[in-house]
Amino acid sequence: MTSRKTHLDTLAIALLLGCCVFWGFQQVLLKATLPEVPPVFQAGIRFVGATALLWLWCVARGIKLFDSDGTLQAGLVAGVLFAAEFACIYIGLQFTTASRLTVFLYTSPFWVAALVPIWARAERMRPAQWLGMACAFAAVVFAFEEGLGAGTPDTWLGDLLGLAAGMMWGLTTVVIRTTSLIRVSAEKMLFYQVAVSALALPFLSLALGEPWVWHFSAFAITSLAVQTVIGAFVSYLAWMWMLGRYPATKISVFVFLTPLFALLFGALWLKEPVTLNLIAALVLVAGGIVLVSRRPEKA
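Keep in mind the model is a prediction, meaning the values are calculated, not measured. (Residues numbered from 1 in each chain as written. Predicted model: local features only at pLDDT ≥ 70, side-chain atom pairs only at ≥ 80, totals over all residues. Heavy atoms only, no water.)

A. Spotlight on the packing of helix 8 (residues 186–207) against helix 9 (residues 218–243). Orientation of helix 8 relative to helix 9, taken along the N-to-C sense of each, is 125 degrees, at an axis distance of 9 Å. Overall, the two elements helix 8 and helix 9 adopt an arrangement that is oblique. Crossing angle aside, the handedness with which helix 8 passes helix 9 is right-handed. Residues Ala186, Glu187, Met189, Leu190, Gln193 and Val194 of helix 8 lie in contact with helix 9, whose contacting residues are Ala232, Phe233, Tyr236, Leu237, Met240 and Trp241. (Axes fitted to C-alpha atoms, helices over the stretch in contact; angles between N-to-C directions. Helix = DSSP H or I, 4+ residues; strand = E, 2+ residues; numbered from the N terminus. Parallel < 35°, antiparallel > 145°, perpendicular 65-115°, else oblique. Left-handed = near helix turned anticlockwise from the far one by under 90°. Contact = heavy atoms within 4.5 Å.)

Here it is as structure tokens:
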């Protein structure tokens, strides 16, 4: 049986920080790769590779992926939601900046905080934590209002796709946390998601008419390798491991840090604009993290 914890310990915080730094960088990396590799095709390559790596990992460790344990239906639902999330992310980055899309992607904790406590009463939030969620929601309003008036006509579409991706991520977490998936290994939990994505995204790429070009530069090859090995395999496996051991609400809200890193990397690498509204949004996000993650005072 997996031992569940009620608060984030040093290990969880260290893993979350590492994931947040990489995920912020990853949004910028995949946007920088778009001129050479179409978005959904890029995502398909990534998850085909991640599925193969995860299968090899499980074979080496003797972890069963295909035994009958009553999780197939929930696993397929989680997989479809996961694939839809990444389709929205990769397509959305064609219309908006990496830092903006990341702000909207990390609205996922709203869905987790609102829905998980319906099944897991121990994860109900206190008034101060709901205040933190309100701060984060205000951040989204700031950022989205700016997108509606932005000079690029389609910025709002990228923002909306980022928001949809955040919803899909949140619902994926809810499915994992409230169904039989919570009892399986982190590897099998992740396998459902990357395998469904590996099957669905190439077909979506073809349906969108994306060109499949296999002559990549050294940069594109490196980008795809990093997205596959560190992003879709290592970091997501760590995330699934944490979901099985720590409160989903606290984990989900903590990753609001990722937009801070996306803003930093986007400004330094892609020269994306850093506006006052976006800075205000990120400050509110940071305040929300503090309020939601704080331990309750002992009576």
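Resuming the write-up.
B. A look at a nonpolar patch on the surface. A grouping of Trp55, Leu56, Val59 and Phe66 is seen on the molecular surface, where their side chains present a nonpolar patch of about 460 Å² in accessible area. Looking at where Leu56 falls in the secondary structure, it is placed in helix 2 (residues 39–61). (Patch = residues over 30% accessible without salt bridge, like charges linked within 9 Å, V, L, I, M, F, W, Y side chains within 5 Å. Areas by Shrake-Rupley, 256 points an atom, 1.4 Å probe, with all protein chains shown as cover. Salt bridge = Lys/Arg side-chain N within 4 Å of Asp/Glu carboxyl O.)

C. Here's a closer look at the pattern of salt bridges. Tallying each qualifying case throughout the model produces two salt bridges. With a shortest N-O distance of 3.3 Å, Asp67 and Lys188 are connected by a salt bridge. Of this pair, Asp67 sits in the loop between helix 2 and helix 3 (72–92) while Lys188 sits in helix 8; the two residues are 121 residues apart in sequence, bridging distant segments of the chain. Assessed through its relative accessible area of 35%, Asp67 is described here as partly exposed. With relative accessibility at 3%, the residue Lys188 sits in the buried group. A salt bridge links Lys188 to Asp69, with the nearest nitrogen and oxygen atoms 2.8 Å apart. With Lys188 in helix 8 and Asp69 in the loop between helix 2 and helix 3, the pair connects residues that are 119 residues apart, well separated along the chain. Through salt bridges with shared partners, a single ionic network connects Asp67, Asp69 and Lys188. (Buried < 20%, exposed > 50% of the residue type's maximum accessible area, 1.4 Å probe, protein only.)

D. The arrangement of the side chain of Thr71 in detail. Turning to its location among the elements, Thr71 is positioned in the loop between helix 2 and helix 3. Since its relative accessible area comes to 1%, Thr71 is described here as buried. At 2.6 Å, the side chain of Thr71 and the side chain of Asp69 are in polar contact. (Polar contact = N/O pair within 3.5 Å; in protein donor to acceptor, adjacent residues only side chain to side chain.)

E. The arrangement of helix 2 in detail. Taking 1.5 Å of rise per residue, 23 residues should cover 33 Å, and helix 2 covers 33 Å from first to last C-alpha, within 8% of that figure. When we look at burial in helix 2, the residues that qualify are Pro39, Val40, Phe41, Gln42, Ala43, Gly44, Arg46, Phe47, Ala50, Thr51, Leu54 and Cys58. Looking at the buried residues of helix 2, the elements they touch are helix 1 (10–33), helix 3, helix 8 and helix 9. The first or second residue beyond helix 2 is Gly62, which carries a positive phi of 70 degrees. (Expected span 1.5 Å × (residues − 1).)

F. Broad picture of the packing of helix 1 against helix 11 (residues 258–269). Running from amino to carboxyl end, helix 1 crosses helix 11 at an angle of 40 degrees, the nearest separation of the two axes being 7 Å. The orientation of helix 1 with respect to helix 11, classified from their angle, is oblique. Crossing handedness for the pair helix 1 and helix 11: right-handed. Across the interface between the two elements, Cys20, Val21, Trp23, Gly24, Phe25, Val28, Leu29 and Ala32 from helix 1 touch Thr258, Phe261, Ala262, Phe265, Gly266 and Trp269 from helix 11.

G. Structural context of the packing of aromatic side chains. Under the counting rule described, the total for this entry stands at 20 aromatic pairs. Aromatic pair Trp23 and Trp239: ring centres 5.7 Å apart, planes at 70 degrees, arrangement edge-to-face. With a gap of 216 residues between them, Trp23 in helix 1 and Trp239 in helix 9 connect regions that are remote in the sequence. Aromatic pair Phe47 and Phe82: ring centres 5.4 Å apart, planes at 75 degrees, arrangement edge-to-face. With a gap of 35 residues between them, Phe47 in helix 2 and Phe82 in helix 3 connect regions that are remote in the sequence. By the burial criterion, Phe47 is buried, and Phe82 matches it. (Phe/Tyr/Trp six-rings, centres within 6.5 Å; stacked < 30°, edge-to-face > 60°.)

H. Fine view of empty space enclosed by the protein. Counted by the stated rule, this structure contains one cavity of 30 Å³ or more. Put simply, the largest cavity is a space of about 180 Å³. Residue lining of the largest cavity: 20 residues in total, with Phe82, Glu85, Phe86, Trp169 and Tyr236 positioned closest to the centre. Residues belonging to the lining of the largest cavity are distributed by class as follows: 13 nonpolar, five polar and two charged. (1 Å grid on protein atoms, 1.4 Å probe; cavity = no way out; pocket = protein on both sides within 12 Å on 5 of 7 lines; lining within 4 Å. Points joined across faces, edges and corners; volume = space filled by probe spheres on them. Nonpolar A, V, L, I, M, F, W, Y, C, P; charged D, E, K, R; others polar.)

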